Amino acid sequence: MHLRNILLRSMPTLVTLLVAILAIFPVSAMGLPFVSGADAGSNELIVRFAPQAEFNVAAQSVAHLRAGATRIRGLRGMPGYDLVTVPRGSSAEQVMRRYHADPSVLYAEPDYPVSITTVPDDPRFGEQWALENTGQSGGTPGADIKAPDAWTVTTGGPDVLVAVIDTGVDYEHPDLAPNMWSGLGWNFAEDNADPMDIHGHGTHVAGTIAAVGNDGFGVAGVAWEARIMALKALGDDGSGRTSDIAEAVTYASANGADIINMSLGGGSYSQAFYDAIAASDALVVCAAGNEGSNNDSSPSYPASYDLENIVAVAATDRTDTLASWSNYGATSVDLGAPGVAILSTVPGATYTATTVFSDPFDTLGAWNTSYYEFNPWTLSSTRYASPLHSAGHVPLDGYLAGEESWIYTRDYVSLTEADRIAVRFKARLDTVSSDDWLVLVAKPQGALIWTVLAVIGGATGEFRNYGLQTTSLTGTRAQFAFILDSVYSGGPGSGVWVDDVEIDSLVRDGGVDYSDAHGYKSGTSMAAPHVAGVAALLKAHAPALDSAGLKSAILDTVEPLDTLDGKTLTGGRLDAA
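To start, this report covers the structure provided alongside it.

## A closer look at the overall build of the chain
Thought 1: Broken down by element type, the chain carries 10 helices and 27 strands.
Thought 2: Across its three principal axes, the chain shows a C-alpha extent of roughly 85 × 55 × 45 Å.
Thought 3: A burial count over the chain gives 54% of its 577 residues as buried.
Thought 4: A fraction of 78% describes how many contacts in the chain between residues 6 or more apart in sequence connect residues 24 or more apart.
Thought 5: Within the structure as shown, the chain displays about 23600 Å² of accessible surface, and the carbon and sulfur contribution to it stands at 53%.
Thought 6: Counting 31 positive and 66 negative side-chain charges, the chain places the centres of these two groups 5 Å from one another.

## Describing the nonpolar core
Generally speaking, nonpolar side chains in soluble globular proteins are found buried as a group.
Thought 1: In terms of nonpolar packing, the biggest core is built from 54 residues, with Ile228, Ile259, Val313, Leu335, Val531 and Ile554 touching the most fellow members.
Thought 2: Sorting elements by how many residues they give to this core places helix 9 (residues 524-541) first, with 10 residues.
Thought 3: Ignoring sequence-local partners within four residues, the contact set of valine 531 consists of Val285, Val311, Val313, Leu335, Ala337, Ile554 and Leu574.
Thought 4: Judged by nonpolar contacts, the second largest core, of 33 residues, contains Ile407, Leu415, Leu440 and Leu453.

## As for empty space enclosed by the protein
Gaps between atoms show up when a probe of the same size as a water molecule is rolled over them.
Thought 1: Taken as a whole, this structure holds one cavity of 30 Å³ or more when the rule is applied.
Thought 2: In this structure, the largest cavity spans a volume of roughly 60 Å³.
Thought 3: Lining the largest cavity are Gln128, Trp129, Ala130, Leu131, Thr208, Ala220, Ala341, Ile342, Leu343 and His530.
Thought 4: Looking at side-chain class alone, the lining of the largest cavity contains seven nonpolar, three polar and no charged residues.

## Some thoughts on the side chain of asparagine 261
Thought 1: Looking at where asparagine 261 falls in the secondary structure, it is placed in strand 8 (residues 259-262).
Thought 2: The class of asparagine 261 is buried, set by a relative accessible area of 0%.
Thought 3: Setting aside its immediate chain neighbours within four residues, asparagine 261 contacts Ala163, Val164, Ile165, Val205, Ile209, Val285, Ala528, Pro529 and Ala532.

## A short note on the pattern of salt bridges
Thought 1: Across all of its chains, the model carries 19 salt bridges by this definition.
Thought 2: Taking the shortest distance from any N to any O, the salt bridge between glutamate 462 and arginine 241 comes out at 3.7 Å. Taken together, the residues span a long stretch of sequence, with glutamate 462 in the loop between strand 21 (451-457) and strand 22 (464-470) and arginine 241 in the loop between strand 7 (227-232) and helix 7 (242-254) at a distance of 221 residues.
Thought 3: A salt bridge links aspartate 430 to arginine 383, with the shortest nitrogen-to-oxygen separation between them at 2.5 Å. Taken together, the positions of aspartate 430 in strand 19 (residues 420-430) and arginine 383 in the loop between strand 15 (378-380) and strand 16 (390-393) put the pair 47 residues apart, joining distant regions of the chain.
Thought 4: We classify aspartate 430 as buried; its relative accessible area is 16%.
Thought 5: Each of the salt bridges in this network shares a partner with another, and the network as a whole consists of Asp144, Lys146, Asp320, Glu559 and Arg573.

## A few points about the pairing of strand 7
Thought 1: The element strand 7 is extensively covered by neighbouring structure, given that five of its six residues are classed as buried.
Thought 2: When strand 5 (residues 161-166) meets strand 7, the two strands line up parallel, connected through six bridges. By the bridge assignment, aspartate 166 is partnered in strand 7 with lysine 232.
Thought 3: Pairing of strand 6 (residues 180-187) with strand 7, which is carried by four bridges, proceeds in the parallel orientation. Bridged to glycine 185 within strand 7 is alanine 230.

## Some thoughts on the packing of aromatic side chains
Thought 1: Evaluation of the coordinates by the stated rule reveals 15 aromatic pairs.
Thought 2: A centroid spacing of 5.6 Å and a plane angle of 20° characterise the contact between phenylalanine 425 and tyrosine 466, whose relative ring orientation is stacked. Of this pair, phenylalanine 425 sits in strand 19 while tyrosine 466 is found in strand 22, placing the two residues 41 residues apart along the sequence. Both residues of the pair, phenylalanine 425 and tyrosine 466, count as buried.
Thought 3: In textbook terms, an aromatic cluster arises when at least three aromatic residues are bridged by ring pairs, as seen for Phe357, Phe361, Trp367, Phe425, Tyr466 and Phe482.
Thought 4: Between arginine 428 and the ring centre of tryptophan 497, over which it is positioned, the NZ or CZ distance is 5.8 Å.
Thought 5: The positively charged end of lysine 567 is found above the aromatic ring belonging to tyrosine 328, 4.2 Å away from the centroid.

## Some points on the packing of helix 7 against helix 8 (residues 271-278)
Thought 1: Where helix 7 contacts helix 8, the axes come no closer than 9 Å and their chain directions differ by 10°. For the element pair helix 7 / helix 8, the angle class is roughly parallel. Within the contact between the two elements, helix 7 uses Thr242, Ile245, Ala246, Val249 and Thr250 and helix 8 uses Ala272, Phe273, Ala276 and Ile277.
Thought 2: When the residues that make up the contact of helix 7 with helix 8 are grouped by side-chain class, the tally is seven nonpolar, two polar and no charged.

## Considering the environment of histidine 518
Thought 1: With respect to the helices and strands, the residue histidine 518 is situated in strand 25 (residues 518-521).
Thought 2: Using a relative accessible area of 8% as the deciding quantity, one classes histidine 518 as buried.
Thought 3: Along the primary structure histidine 518 and arginine 124 are separated by 394 residues, whereas in three dimensions their C-alpha atoms are 9.2 Å apart.
Thought 4: If we ignore the near neighbours within four places in the chain, the residues touching histidine 518 are Arg124, His173, Asp175, Phe217, Gly218, Val219, Leu343, Ser344, Thr345 and Val346.
Thought 5: Of the polar contacts made by the side chain of histidine 518, one reaches the side chain of aspartate 175; its length is 3.0 Å.

## Notes on helix 7
Thought 1: Between its terminal C-alpha atoms helix 7 stretches 18 Å, which fits the 18 Å expected from 13 residues at 1.5 Å a residue.
Thought 2: For helix 7, every residue scored as buried is listed here: Asp244, Ile245, Ala246, Ala248, Val249 and Ala252.
Thought 3: On its buried side, helix 7 packs onto strand 5, strand 7, strand 8 and helix 8.
Thought 4: Glycine 256 occupies a position one or two residues after helix 7 and carries a positive phi of about 90°.

## Some remarks on the sheet that holds strand 2 (residues 70-74)
Thought 1: Read from one edge of the open sheet, four strands run 2-3-1-4, paired in antiparallel fashion. The strands lining the two open edges of the sheet, one partner per strand, are strand 2 and strand 4 (105-110). Sheet twist, expressed as the average angle between the axes of neighbouring strands with direction ignored, equals 30°.
Thought 2: The strands touched by helix 4 (residues 92-100) within the sheet are strand 1 (44-49), strand 3 (81-85) and strand 4, with strand 4 carrying the most contacts at an inclination of about 170°.

## A look at unusual backbone geometry
Thought 1: Here the amide bond leading from tyrosine 301 into proline 302 is cis, since omega sits at 15°, within 30 degrees of zero.
Thought 2: The linkage connecting proline 387 with the following residue, leucine 388, adopts the cis geometry, with an omega of 5°.
Thought 3: If you trace the backbone, leucine 388 turns up in the loop between strand 15 and strand 16.
Thought 4: Of note, the phi angle at lysine 146 is positive, near 60°, even though the residue is not glycine.
Thought 5: When you line up the elements, lysine 146 lands in the loop between strand 4 and helix 5 (147-151).

Scoring rules and cut-offs
Residues numbered from 1 in each chain as written. Predicted model: local features only at pLDDT ≥ 70, side-chain atom pairs only at ≥ 80, totals over all residues. Heavy atoms only, no water. Helix = DSSP H or I, 4+ residues; strand = E, 2+ residues; numbered from the N terminus. Buried < 20%, exposed > 50% of the residue type's maximum accessible area, 1.4 Å probe, protein only. Contact = heavy atoms within 4.5 Å. Areas by Shrake-Rupley, 256 points an atom, 1.4 Å probe, with all protein chains shown as cover. Lys, Arg positive; Asp, Glu negative; His and termini not counted. Charge placed at Lys NZ, Arg CZ, Asp CG, Glu CD. Core = buried A, V, L, I, M, F, W, Y, C linked by side-chain atoms within 4.5 Å. 1 Å grid on protein atoms, 1.4 Å probe; cavity = no way out; pocket = protein on both sides within 12 Å on 5 of 7 lines; lining within 4 Å. Points joined across faces, edges and corners; volume = space filled by probe spheres on them. Nonpolar A, V, L, I, M, F, W, Y, C, P; charged D, E, K, R; others polar. Salt bridge = Lys/Arg side-chain N within 4 Å of Asp/Glu carboxyl O. Pairing = 2+ DSSP bridges. Phe/Tyr/Trp six-rings, centres within 6.5 Å; stacked < 30°, edge-to-face > 60°. Lys NZ or Arg CZ within 6 Å of the ring centre and 35° of its normal. Axes fitted to C-alpha atoms, helices over the stretch in contact; angles between N-to-C directions. Parallel < 35°, antiparallel > 145°, perpendicular 65-115°, else oblique. Polar contact = N/O pair within 3.5 Å; in protein donor to acceptor, adjacent residues only side chain to side chain. Expected span 1.5 Å × (residues − 1).

Here's what the structure looks like:
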């Protein structure tokens, strides 16, 4: 079977993804908001009438009759609001559907139960001053986002999907694993399916948003049950490219992300980056930057893109003071949120790397260069990443449509001691279509099937660095191969080149230890995920809210602070309650 058919069978199509998304996010007949069983369990509802029916008793009576509910009373001091009871034999969801179908009704929602403040049993919650500040470590009591008060209404829900575009996420962390999106995510920095975080920044951000709460372990996120989509667009050194981040935004949007967190910045204005965010339906929460500068006069992107779905966040400390290094802007930064000495999740393992295979392609002695097809790979002295050669598949007359040409290691590479495997290489593609791929595959000794590790498509016109990490080959000896897999034909001079291949065996230092896999970080990078977490709470509480509604709800309810007056658009700090 042609490699492309194998790949297309193993990778879900966009249609399949959309079907999966619709299965997770069911759409009601009128696009109306509904709540889950726990929230809709009350037998009493609050009904809010539209302005034209606010004082129209006849219209209100008809609406109640059509819904099959009984009016108990109006809400004191709130004309147009009625408290009603759900009749025996009907569910709250059914009655709310009927109200929402009535043009005289703005909305109907459960009369939610309220109790004393909810505090999780996570053992390190007391250190999370940003969620509840009792004056610990010299802080000011109340200088927090009032998370426990918000949790009396909702702790979030699994139907809300938050994309974290960052250095990846340690998806094996026990404080995060239960809340990882079933699709896991993608590694755009290294173009593979493993978004594991080695750096630690993205894992910290993800924990602030949605570390599992009330599980007796570690910390609590703002939204205890929200789903995290891990999108690695920054490398293990914390840096990346605009193109990768723009692709990550597009991927998040196409796969149903309600909220996107980008705790990153730098670089100049990018129209492609702007376009990707503008095309997204998600609320995009961005760190304002850590240069201590005014974004009104010195923009910091992506926070400074003039787009309605962006929320730009400055950092405050445990005394409700703007951090000295936080960027600000009376018109370009929306609000402040805690961002100093924030406790959250960090990766639980460190590794020692041993290089088990390395080839700068001085020769092709370590490789076989013919497999399945004609036009074998050759040693190239015209294009290389490091002198004086690379391995190239550059037929004299160009490559063929439907070609599948391989170069694969002669010997098996020993990975028997590895806990993880890291593969790094440099590649250049001078191809005519994004459907003409360079594919990296591997096959354990004795296996019949090659495992796809990375697929690179689109002409690069230059050598770029690629890398991936995987656990799929640990404890084995394996062969590795690069393949040009084409749909279209390329003319003379077109082809692909590979250089400086390195394979490392990564062995855990003392194994994985998540017992203390939590740490403190500071930055507007830590402030933004508090806002993303609150957006996830809001979305769980009111599923009908779009990005504009989420943004308005957050900005309209900040707690005003003198220290943010004139420094942010709202002059206030995030208030989850």
